[in-house]
Amino acid sequence: MTTIEHILLILLLASLYFNWKLIQRIQSALRAKKKALRDSKRLMMRAEEAQSQTIVDKRRFIEALGEPFILIGPSGHISMANSHALALFREKLEGRHINTLSVNNELLPFIREAFVNHGSTTKEFTLSGESSPQHLNSSITAWQLDSAIVDSPILEKRIIIRNVTQNYQTNQMRRDFVANASHELRTPLTIIMGYIENLMEDGFLKEQPELSVKFLGTMFQNSQRLMHLIEDMLMISKLESGQKALLKEEWFPLKEIIEDTFARLDSIRERKQATLQCSIPQDWYIYGDSFYWAQILFNLTENALKQNSGPNLKISIEAELSPEYCHLYVNDNGVGIPTEAIPYLFNRFYRVEKNLSSEIKGTGLGLSIVKHAIEAHDCHISATSTPHEKTTFHISIPLSRFKEKN
């Protein structure tokens, strides 16, 4: 083999060696690239899973809030909403622009205002029964809208709508109570002060003794009205502040309390020529505070007597047992209660004007006292009425508070 042939052979071997090395490097690079692609895909999958899990966790969180929640992106499209928001808006939310929503027209202006307003906002408002979630069954509901900017991962507006109906109703009742109490107190006080001014005139007592006595009688009646009003207000206050703590509970015969009530009201019954009946066994006993049960039965019976001026009035107190309750019924056949008035019967100072009786009106707190006293005994009261036929106040007493004593 010649020298040239040796050189060519060496060059060929060198070329093969370098090509083999190149191929190895290319293969190694390909393997590294494939590994990088696999790792990248794995990371992407993990990121997607993490993002998916984050969304799931976020959804669980906003669902657990128990209050309507929506998340609005920078463009105005809703990116997330929980089921409570769906119940409030009553239409599909996610993916919708807030300007395309159309169902709850009372609520939408507050949502749009919160979105365009920079920073955090808090606003309270009320909705009618038609615009409130159907399960609330209320004529008016109150809400507090709280909004803030969330900057992860993009700037979004978070809106939470809290139901504050209970606080609203409590505050409204407090305002109504103050207004009504002021009115009720002012009326007899004005009458008393007016008569005092007349009596203080020079010579009035000597010159008109009969009229003076009449004035004093009227003043005494209105003083009694003031005293009854104050006593009733104190009783409601006690029942509301610590219902269970103030009860002096013991077993007592139910019929005995009813008979005592009838005896206390005998003069009114005789004047009204009404009939009072009790058909309850002598051995039925109730566990509770006999003082408050006496107030309950007295108020219900007196109310039936005073609110019915027609002839042949019959008032009966009956009872029956069911598997869970002792049911107590106070019935009368008087003029009845209008259907629209029944939901408000137990409100403070609420009166149903059913006749033109000239008697001094009650304080308007009797039925409210009845309701509070009954609830303090873990019982429930309701009313039904068919005018001029039958009006019934139904008290449900748990059997744990009832026994037959032999």
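Going by the structure above, here's the rest.
Now for a look at the structure at hand. No experiment lies behind these values; they were computed from the predicted model shown.

1. What about the overall build of the chain?
Helix and strand counts for the chain come out as 10 helices and 13 strands. In the chain, which comprises 406 residues, the proportion classed as buried is 36%. Only carbon and sulfur atoms are counted for the fraction: they give 56% of the accessible area of the chain, which is about 24,600 Å².

2. Focus on the pattern of salt bridges
Side chains that differ in charge, positive against negative, can pair when their charged atoms come close. On inspection of all chains with the given rule, the structure shows 9 salt bridges. Here Glu 67 and Arg 162 are joined by a salt bridge, their closest N and O atoms 3.7 Å apart. Highlighted residues: Glu 67 in the loop between α1 (3-64) and β1 (69-72) and Arg 162 in strand β5 (residues 156-163), separated in sequence by 95 residues. Accessibility expressed as a relative area gives 27% for Arg 162, which makes it partly exposed. Beyond isolated ion pairs, a larger network of salt bridges with shared partners links Glu 67, Asp 146, Arg 158 and Arg 162.

3. A closer look at the sheet that holds strand β13 (residues 402-404)
Here we have 3 strands laid out as an open sheet, ordered β6-β8-β13, and antiparallel in their pairing. Every other strand in the sheet has two partners, leaving β6 (250-253) and β13 as the edge strands with one partner each. The average undirected angle you get between the axes of adjacent strands in this sheet is 30°. Sheet analysis places β6 next to strand β8 (residues 284-288), joined by 4 bridges and oriented antiparallel. Bridge pairing in β8 links Phe 252 to Ile 286.

4. Quick word on helix α10 (residues 366-376)
With respect to burial, α10 is a largely interior element, 8 of its 11 residues being buried. Within the sequence span of α10, burial applies to Leu 367, Ser 368, Ile 369, Val 370, His 372, Ala 373, Ile 374 and Ala 376.

5. Some details on the nonpolar core
Membership of the largest hydrophobic core comes to 54 residues, with the highest contact counts inside it found for Trp 293, Leu 300, Leu 328, Phe 393 and Ile 395. Considering each element in turn, this core owes the most residues, 9 residues, to helix α9 (residues 290-306). Residues in contact with Phe 393, not counting those within four places in the same chain, are Leu 300, Leu 328, Tyr 329, Val 330, Ile 337, Leu 345, Phe 346, Leu 367, Ile 381, Ser 382 and Ala 383. Formed by 21 residues, the second largest nonpolar core is a distinct cluster that contains Ala 81, Ile 111, Leu 127 and Leu 145.

What counts and what doesn't
Residues numbered from 1 in each chain as written. Predicted model: local features only at pLDDT ≥ 70, side-chain atom pairs only at ≥ 80, totals over all residues. Heavy atoms only, no water. Helix = DSSP H or I, 4+ residues; strand = E, 2+ residues; numbered from the N terminus. Buried < 20%, exposed > 50% of the residue type's maximum accessible area, 1.4 Å probe, protein only. Areas by Shrake-Rupley, 256 points an atom, 1.4 Å probe, with all protein chains shown as cover. Salt bridge = Lys/Arg side-chain N within 4 Å of Asp/Glu carboxyl O. Pairing = 2+ DSSP bridges. Axes fitted to C-alpha atoms, helices over the stretch in contact; angles between N-to-C directions. Core = buried A, V, L, I, M, F, W, Y, C linked by side-chain atoms within 4.5 Å. Contact = heavy atoms within 4.5 Å.

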